[in-house]
Amino acid sequence: MPSPFLESVRAEIRLRGYSMATEKAYLGWTRRFIYFIDKRHPESVGAGEVKAFLTWLAVEKQVAVNTQKSALNALVFLYHKVLKRELGELGFTLATRQRYLPTVLNPGEVQRILNHMRGTPRLVVELLYGSGLRVSECLRLRVQDVDLEHFALNIHDGKGRKDRRVLLSRRLEASLRGRIAQAIELQRNDNLQGVGCSLPAALGRKYPNAHRSPGWAFIFPATGWCAHPLTGVMCRHHLHPSAIRKALHRAVAAAKMSFKRINCHTFRHSFATQLLSSGTDIRTVQELLGHNDVSTTQIYTHVLGRHYAGTESPLDRL
């Protein structure tokens, strides 16, 4: 039986229109915190226990900085928005395990992997590499988000709840036209059976017939129906990311590149480094990636070695 308290946290998250991924993360960290405080109610503890939990994550679990930040954001939301309490200055121990420099692939390596992929997984990976998308952004693409006239994609509600417009490779025009036709046909068949594509709950209420519009069809629909997580209505969601991850894992093994840490995000990293290496301005790359701060984008200059541009190795002077 669901915990009434966690359900109240869930309701507060949905009231603010946060994504399902954020909801899952916040509820997960709330559960971990409750177990950390021996299943006491969070209202009975305060800043001291929160500080101890964040310090425990850094010292005992040796989590990465971003993992600790995720836990902090969840607990700040819990206390500020749900329990209506201020935590004040916490002064916890900061995690020191930094992020790895991202793995990047050169064009030849990308092609080696693509040679072992077919169908939907290949097209998804081509979009990740060609447009710098996150896998979730790619799988959420709908027919109306693809602009084949200007070769661009409209990304809605990306990380940080931001919209942006990104470039689209001309090489994918034929594949996307075929995919769009299949998506529209599948939606028509679903509509005949009283089922449509999944929509944000508020939009579905405002436009009750939107699920019949071809523009709302997912480019990469799931293979079956499911109950909408918010409304419980049967619908067709987009393909789950695990399908792409499994196909990519097989392709990497077939390409004999398992010695590298390659995942779906690797192609977004490779997109950024390829643009920077070809002379694209870092602000343009920042905008295409949807980063809030250019310092996030600057990690790719470290990958390329441009953070020490103009510096010559002493060995080269011998």
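Refer to the structure printed above.
Keep in mind that what you see is a predicted model, and the values were worked out from it rather than measured.

If a strand is regular, its side chains alternate between the two faces of the sheet. The two faces of strand 3 (residues 164–167) differ: R164 and V166 on one face are buried, but R165 and L167 on the other face are not. Bridging between strand 2 (residues 152–155) and strand 3 involves four bridges; their strand directions are antiparallel. Looking at strand 3, one finds that A152 is bridged to L167.

Applying the stated criterion across every chain, the model contains twelve salt bridges. Across the salt bridge formed by E23 and R10, the nearest N and O atoms sit 2.8 Å from each other. Of this pair, E23 sits in helix 2 (residues 20–36) while R10 sits in helix 1 (residues 4–15), and the two are 13 residues apart along the sequence. R10 shares its class with E23; the two are buried. Two residues, R165 and D147, come together in a salt bridge whose shortest N-O distance is 2.6 Å. With R165 in strand 3 and D147 in strand 1 (residues 146–147), the pair connects residues that are 18 residues apart, well separated along the chain. Each of E7, R10, R14 and E23 takes part in a single network of salt bridges with overlapping partners.

Before going further, it helps to spend a moment on the nonpolar core. In this structure, I113 and L127 are the most contacted members of the largest nonpolar core, which totals 50 residues. Elements that contribute at least two residues to this core include exactly helix 5 (107–114), helix 6 (119–131), helix 7 (135–139), strand 2, helix 8 (173–192), helix 10 (241–254), helix 11 (264–277) and helix 12 (282–289). The leading source of residues in this core is helix 11, at six residues. Once residues lying within four places of it in the same chain are set aside, the contact partners of L127 are G132, L133, C138, L141, L153, L168, L172, L176 and F220. Listed in part, the 30 residues of the second largest apolar core include F33, L75, F77 and A95.

The first and last C-alpha atoms of helix 2 sit 24 Å apart over 17 residues, in line with the 24 Å expected at 1.5 Å per residue. Of all the residues in helix 2, the buried ones are E23, Y26, L27, W29, T30, F33 and I34. Take helix 2 and look down its axis: the buried residues cluster within an arc of 165°, on one side only. Seen from the buried face of helix 2, the exposed residues on the opposite side, beyond 90 degrees, are A21, K24 and Y35.

Calculation criteria
- Residues numbered from 1 in each chain as written.
- Predicted model: local features only at pLDDT ≥ 70, side-chain atom pairs only at ≥ 80, totals over all residues.
- Heavy atoms only, no water.
- Buried < 20%, exposed > 50% of the residue type's maximum accessible area, 1.4 Å probe, protein only.
- Helix = DSSP H or I, 4+ residues; strand = E, 2+ residues; numbered from the N terminus.
- Pairing = 2+ DSSP bridges.
- Salt bridge = Lys/Arg side-chain N within 4 Å of Asp/Glu carboxyl O.
- Core = buried A, V, L, I, M, F, W, Y, C linked by side-chain atoms within 4.5 Å.
- Contact = heavy atoms within 4.5 Å.
- Expected span 1.5 Å × (residues − 1).
- Arc of directions from axis to C-beta.

These results come straight from atomic positions and should not be treated as a statement about function.
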